[in-house]
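The primary structure of each chain is shown beneath.
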Amino acid sequence: MERTTIDLWVGIFVALGIAALLGLAMKVGNLTTNTIGATYTVEAAFENIGGLKSRAPVKSAGVVVGRVGDIRFDASTYEAIVSINIDRQFSFPADTFANIYTAGLLGEQYIGLEAGGDEIALKEGDKIMQTQDAVVLEKMISQFLYNKASEPESAAKTPTHDDSVKTDDDALTANAL
Amino acid sequence: MTHSYIHIAVKRFLQKLGNNFIDQIWRLGAGARLFALMLISSGESFRRFRLVVREVYFTGVLSLVIISVSAFFVGMVLALQGYNTLQKYGSSEAIGVLVALSLVRELGPVVTALLFAGRAGTAITAEIGLMKATEQLSAMEMMAVSPVSRVIAPRFWAGVIALPILAALFSMIGILGGYLVAVPLIGVDAGAFWSQMQANVDWRFDIVNGVIKSIVFGVACTMIALFEGYDAPPTAEGVSRATTRTVVTSSLVVLALDFALTSFMII
């Protein structure tokens, strides 16, 4: 079979294509950084998962140790059941704490695992008992406003009044002025 | 009097409309038949793979220059525009994610397919149309050589092989162009550029989906170009019209298919 220059060019072309795909996989995609091998799955129930999505990272001490599997709604307890796939090389104690955090101010949400002190390790199919819900900004603001409203005296008195013997009425009028 | 003139004009218009519609349906059927025939008789192009390699040279290798140059500029423009908007929200480091995701998911496969239709699709249509006009295809049939397995099938498989490779190159070169604008020119941190990109571009759901898209576009673009050439009236005007139709139909089909594929993939 004789060789022609066309064969050489097509060979170069195909090699370039494979190199581009490899480059996309290694340099652009997360094939190298976030690959998780064999996993075991545990479940955690949350009252509110906020914006958590499946395939979101599961981190412990900031390091990715797994991925969120599927998320479903339990109609009997009205809770969200999140299945968490954790890499087999990391074992966590049975009393591990699962929190939903947000990366940065506007970032994606992820699950943070905080190891407890139990001797027994989490196994496939186990349930994480201690969970903390996602922080919902509206809830936080309304709670803050509620706390503010429930203690008007301290809120009104704190401003720069050196004589603290004034009556409530005086304090309110002073504040208004 | 005028009433009957209007009557005739409307009738003619409707007749033309109906004729065109029926013609399009006929062409769709004929195209499907050619596709099936081509699939059945593509055994020869794998037994004599040299035929396919030759066509990969003409459709793929010769498209490299236009693909790389346009990818480079598309990547640079994406970085400029993205930076302009992202810095308003104080997140100019996300520019790497923006460039990579838009290229890998959409622009890589789609723009490559559009350029491919213009660069390689027209060449295929004109070549086959002229082969038909100069009765080379009939001559092959006379010699008991099937033009579908000897001419159509190798070009089809070459297009299906070449387009994904070109699309992958487009995405990679576009990202390099975006890097050049974002990091040395604008001054975004190089580490943040790559690390945010790696954290947010998924191998299976972004890159592999892009490759799947480009394979589908390769099938569509090449098949349209082949059919238009095979179906062209054997005249100079017929071939020129077929070439125009190749570009128009391919572009529309690619954009429509892109919407359909994305709606399946995004869930």
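Once a new chain begins, its residue numbering starts again from 1 and follows that chain's sequence as written. For naming, the first written chain is A and the first written ligand is 1, with later ones following in the order written. This being a predicted model, a pLDDT of at least 70 is required before a residue's local features are given, and a value of 80 or more before pairs of side-chain atoms are given or counted; all residues contribute to the totals for chains, interfaces and linings. As a rule here, side-chain values cover all heavy atoms of the structure and leave hydrogens and water aside.

**Concerning the overall build of chain B**
Here comes step 1: For helices the rule is a DSSP run of H or I covering at least 4 residues; for strands it is a run of E covering at least 2, with both sets numbered from the N terminus onward. When helices and strands are tallied, chain B shows ten helices and zero strands.
Here comes step 2: Reading chain B from its N end, one meets helices and strands in the order α-α-α-α-α-α-α-α-α-α.
Here comes step 3: Each residue is assigned to one of three classes by its accessible area relative to the maximum for its type, calculated with a 1.4 Å probe on protein chains only: buried under 20%, partly exposed between the two thresholds, exposed over 50%. In chain B, which comprises 267 residues, the proportion classed as buried is 46%.
Here comes step 4: In this description, accessible areas are obtained by the Shrake-Rupley approach with a 1.4 Å probe, and a residue is regarded as covered only by the protein chains that are shown. In the form shown here, chain B has an accessible surface area of approximately 13400 Å², with 69% of it arising from carbon and sulfur atoms.
Here comes step 5: For chain B, the distance from the average site of its 19 positive side-chain charges to the average site of its 15 negative ones is 7 Å. Positive charge is attributed to Lys and Arg, negative charge to Asp and Glu, and no charge count is given to His or to the chain ends. All charge positions are set by atom: Lys at NZ, Arg at CZ, Asp at CG, Glu at CD.

**A few points about the side chain of Arg-27 of chain B**
Residue and element names in this part refer to chain B.
Here comes step 1: Along the chain, Arg-27 falls in helix H1 (residues 2–40).
Here comes step 2: In protein, a polar contact means a hydrogen-donor-capable atom and an acceptor-capable atom, both N or O and within 3.5 Å, with residues adjacent in sequence counting only if both atoms are side-chain atoms; elsewhere, any N or O pair within 3.5 Å suffices. Within the local environment of Arg-27, its side chain forms a polar contact with the side chain of Asp-231, the two groups lying 2.6 Å apart.
Here comes step 3: The contact definition used throughout considers only heavy atoms, calling two residues in contact when any of these lie within 4.5 Å. The contact partners of Arg-27, leaving out residues within four places of it in the chain, are Phe-227, Glu-228, Asp-231 and Arg-245.

**A short note on the interface of chain B and chain A**
Here comes step 1: Contact residues are listed per partner, giving 28 residues for chain B and 24 residues for chain A.
Here comes step 2: Summed over both sides, the interface between chain B and chain A buries roughly 2400 Å², with carbon and sulfur atoms accounting for 76% of that surface.
Here comes step 3: Of all residues in chain B, Arg-50, Gln-198 and Trp-203 of chain B bury the most surface against chain A, accounting for 27% of the area lost on that side.
Here comes step 4: Salt bridges, as used here, are contacts in which a Lys or Arg side-chain nitrogen is within 4 Å of a carboxyl oxygen on Asp or Glu. At the boundary of chain B and chain A, one finds one salt bridge.
Here comes step 5: Linking chain B with chain A are two residue pairs in polar contact (both at pLDDT 80 or more).
Here comes step 6: For the side of chain B that touches chain A, the secondary-structure elements that each account for two or more residues are helix H3 (49–59), helix H5 (95–133), helix H7 (147–186), helix H8 (190–200) and helix H9 (203–231) of chain B.
Here comes step 7: With eight residues, H7 of chain B is the largest single contributor of residues to the side of chain B that touches chain A.
Here comes step 8: By the convention adopted, Pro, Cys, Tyr, Trp, Phe, Met, Ile, Leu, Val and Ala count as nonpolar, Lys, Arg, Asp and Glu as charged, and the other residues, Gly among them, as polar. Of the residues belonging to the side of chain B that touches chain A, the class tally is 22 nonpolar, three polar and three charged. We define buried area as the total accessible area lost by two parts upon association, computed with a 1.4 Å probe and summed across both.

**Focus on helix H10 (residues 236–265) of chain B**
All names here are of chain B.
Here comes step 1: One fewer than the residue count of a helix, multiplied by 1.5 Å, yields its expected span. Here H10 is 30 residues long and its end C-alpha atoms lie 43 Å apart, about the 44 Å a rise of 1.5 Å per residue gives.
Here comes step 2: Among the residues of H10, those classed as buried are Gly-238, Val-239, Ala-242, Thr-243, Thr-246, Ser-250, Val-254, Asp-258, Leu-261, Thr-262 and Met-265.
Here comes step 3: In this structure, the buried side of H10 is in contact with H5 and H9.

**A few points about the pairing of strand E2 (residues 57–60) of chain A**
Residue and element names in this part refer to chain A.
Here comes step 1: Looking at chain direction, E2 and strand E3 (residues 63–74) are connected through four bridges and run antiparallel. The residue of E3 that forms the bridge with Lys-59 is Val-64.
Here comes step 2: Where E2 hands over to E3, the hairpin turn is made up of two residues, of which Ala-61 adopts a positive phi near 55 degrees.
Here comes step 3: When DSSP locates at least two bridges between a pair of strands, those strands are taken to pair. Sheet topology places E2 next to strand E6 (residues 109–114); two bridges connect them, and they run parallel. Looking at the pairing, Lys-59 lines up with Gly-112 of E6.

**Things to note about the packing of aromatic side chains**
Here comes step 1: Two aromatic rings from Phe, Tyr or Trp, using only the six-membered ring of Trp, form a pair when their centres are within 6.5 Å; if the ring planes differ by under 30 degrees the pair is stacked, by over 60 it is edge-to-face, and anything between is tilted. All told, the structure shown has eleven aromatic pairs over all chains when counted by the stated rule.
Here comes step 2: Ring centres 5.3 Å apart and planes at 55 degrees place the aromatic pair Phe-46 of chain B and Trp-157 of chain B in the tilted group. Note that Phe-46 of chain B is positioned in helix H2 (residues 43–47) and Trp-157 of chain B in helix H7, a separation of 111 residues in sequence.
Here comes step 3: Among the aromatic residues, those joined into a cluster by ring pairs are Phe-35, Phe-46, Phe-49, Phe-156 and Trp-157 of chain B.
Here comes step 4: We count a charge as sitting over a ring when the NZ of a lysine or the CZ of an arginine lies within 6 Å of the ring centre and within 35 degrees of the ring normal. The ring of Tyr-110 of chain A has Lys-59 of chain A lying over it, and the distance from NZ or CZ to the ring centre is 4.5 Å.

**So, the pairing of strand E4 (residues 79–87) of chain A**
All names here are of chain A.
Here comes step 1: E4 sits mainly inside the fold: seven of its nine residues count as buried.
Here comes step 2: As judged from the eight bridges shared by strand E1 (residues 39–46) and E4, these two strands associate in the antiparallel manner. Looking at E4, one finds that Ala-44 is bridged to Val-82.
Here comes step 3: Judged from the seven bridges that link them, E3 and E4 form a sheet pairing that is antiparallel. Each residue of the ladder has a partner; that of Arg-72, found in E4, is Ile-81.
Here comes step 4: In this structure, the hairpin formed by E3 and E4 is closed by a connection of four residues, where Tyr-78 is found at a positive phi of approximately 55 degrees.

**Section: the domain arrangement of chain A**
Here comes step 1: Marked domain ranges trace back to an automatic or database domain assignment. Looking at the assigned domains, one finds that chain A contains domain 1 (1–33), domain 2 (39–135) and domain 3 (138–171).
Here comes step 2: Inter-centroid distance (C-alpha atoms) of domain 1 of chain A to domain 2 of chain A is 40 Å.

**Description of the packing of helix H1 (residues 5–28) of chain A against H9 of chain B**
Two quantities define a packed helix pair, namely the angle between the axes and the distance from one axis to the other.
Here comes step 1: Lines fitted to C-alpha atoms define the axes, with helix axes restricted to the stretch in contact, and inter-axis angles between N-to-C directions lie between 0 and 180 degrees. In the contact formed by H1 of chain A and H9 of chain B, the axes pass within 10 Å of each other and the chain directions differ by 160 degrees. One element, H1 of chain A, and the other, H9 of chain B, form an angle in the roughly antiparallel class. Classified by chirality, the crossing of H9 of chain B by H1 of chain A is right-handed. Listed contacts from H9 of chain B to Leu-21, Leu-24 and Ala-25 of chain A of H1 of chain A are Trp-203, Ile-207 and Val-211 of chain B. For this classification, under 35 degrees means roughly parallel, over 145 means roughly antiparallel, 65 to 115 means roughly perpendicular, and everything else is oblique. Should the near helix be turned counterclockwise from the far one by less than a right angle, the crossing is left-handed, whereas a clockwise turn marks it as right-handed.

**Focus: the nonpolar core**
Here comes step 1: What makes a nonpolar core is a set of buried Ala, Val, Leu, Ile, Met, Phe, Trp, Tyr and Cys residues whose side-chain atoms join them at distances within 4.5 Å. Residues Phe-13 and Val-28 of chain A together with Ile-95, Ile-175 and Met-197 of chain B are the most contacted members of the largest nonpolar core, which totals 53 residues.
Here comes step 2: Sequence-distant contacts of Val-28 of chain A, defined by excluding residues within four places in its chain, comprise Gly-23 of chain A together with Ala-100, Met-172, Ile-175, Met-197, Gln-198 and Val-201 of chain B.
Here comes step 3: Judged by nonpolar contacts, the second largest core, of 22 residues, contains Tyr-40, Val-42, Ile-84 and Ile-128 of chain A.

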